[in-house]
Amino acid sequence: MMNATLKIMAACLLLLAACQNPGKDKQDFIPGTYVKSAKSEYSIADDTLIIEHTNGTSYKITQRTTYQAIRDGKLLPKKHLVHYLNASWDDSKQELDETTTGKVYHADPLKQVLTIKNLTYHKIR
């Protein structure tokens, strides 16, 4: 009797695990802070995305960029930019769609990254 009960409980747990929505995992992963750095012979840039879930499928994105141009081998003064954007989660496509610029954010909870085209942001919290 006990063995049959354990088998039924195990089957229920497996069924529950199979029914989990993988898109929900991605959507739950999205809120947080992401960073990306880039350097070329012409500039150095640090980019931070802060993504907050506001309600339902809506998100607020704050993008903070610090940029330093390089001219004749010398760093010019830092420039700081801040953009405030809105996005919504598209469950059918499993992506976050930013409404102003049309950027598409793809979440990868396993790698702890968010990608926009060929740009990769690493989640730090």
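Predicted model only: the values in this text are computed from it and were never measured. (Residues numbered from 1 in each chain as written. Predicted model: local features only at pLDDT ≥ 70, side-chain atom pairs only at ≥ 80, totals over all residues. Heavy atoms only, no water.)

## Some thoughts on the overall build of the protein
Along the protein, the regular secondary structure elements total two helices and nine strands. When the 125 residues of the protein are sorted by exposure, 29% land in the buried category. Sequence-distant contacts in the protein: of pairs separated by 6 or more residues, those separated by 24 or more amount to 40%. Carbon and sulfur atoms make up 58% of the accessible area of the protein, which totals about 8700 Å². (Helix = DSSP H or I, 4+ residues; strand = E, 2+ residues; numbered from the N terminus. Buried < 20%, exposed > 50% of the residue type's maximum accessible area, 1.4 Å probe, protein only. Contact = heavy atoms within 4.5 Å. Areas by Shrake-Rupley, 256 points an atom, 1.4 Å probe, with all protein chains shown as cover.)

## Some details on the pattern of salt bridges
Enumeration over the complete set of coordinates arrives at one salt bridge. With a shortest N-O distance of 3.5 Å, Glu-52 and Lys-60 are connected by a salt bridge. Looking at Glu-52, the relative accessible area reads 36%, which means it is partly exposed. The exposure class of Lys-60 is partly exposed, given its relative accessible area of 34%. (Salt bridge = Lys/Arg side-chain N within 4 Å of Asp/Glu carboxyl O.)

## So, the nonpolar core
Counting 16 residues, the largest nonpolar core has Leu-49, Ile-51, Ile-61, Leu-96, Tyr-105 and Leu-114 as the members making the most contacts within it. When residues of this core are traced back to their parent elements, those giving at least two are β2 (43–55), β3 (58–71), β5 (79–90), β7 (104–108) and β8 (113–116). The biggest single contributor to this core is β5, with three residues. Beyond its immediate stretch of four places on either side in the chain, Leu-96 contacts Ile-30, Ile-51, Tyr-59, Ile-61, Ala-87, Ser-88, Trp-89, Lys-103, Val-104 and Tyr-105. (Core = buried A, V, L, I, M, F, W, Y, C linked by side-chain atoms within 4.5 Å.)

## Concerning the packing of aromatic side chains
Following the criterion strictly, the structure yields one aromatic pair and no others. Residues Phe-29 and Tyr-34 carry aromatic rings whose centres are separated by 6.1 Å and whose planes lie at 75° to one another, so their mutual orientation is edge-to-face. Residue Phe-29 shares its accessibility class with Tyr-34, and that shared class is buried. Note that Lys-123 overlies the ring of Phe-29, its terminal NZ or CZ placed 4.2 Å from the centroid. (Phe/Tyr/Trp six-rings, centres within 6.5 Å; stacked < 30°, edge-to-face > 60°. Lys NZ or Arg CZ within 6 Å of the ring centre and 35° of its normal.)

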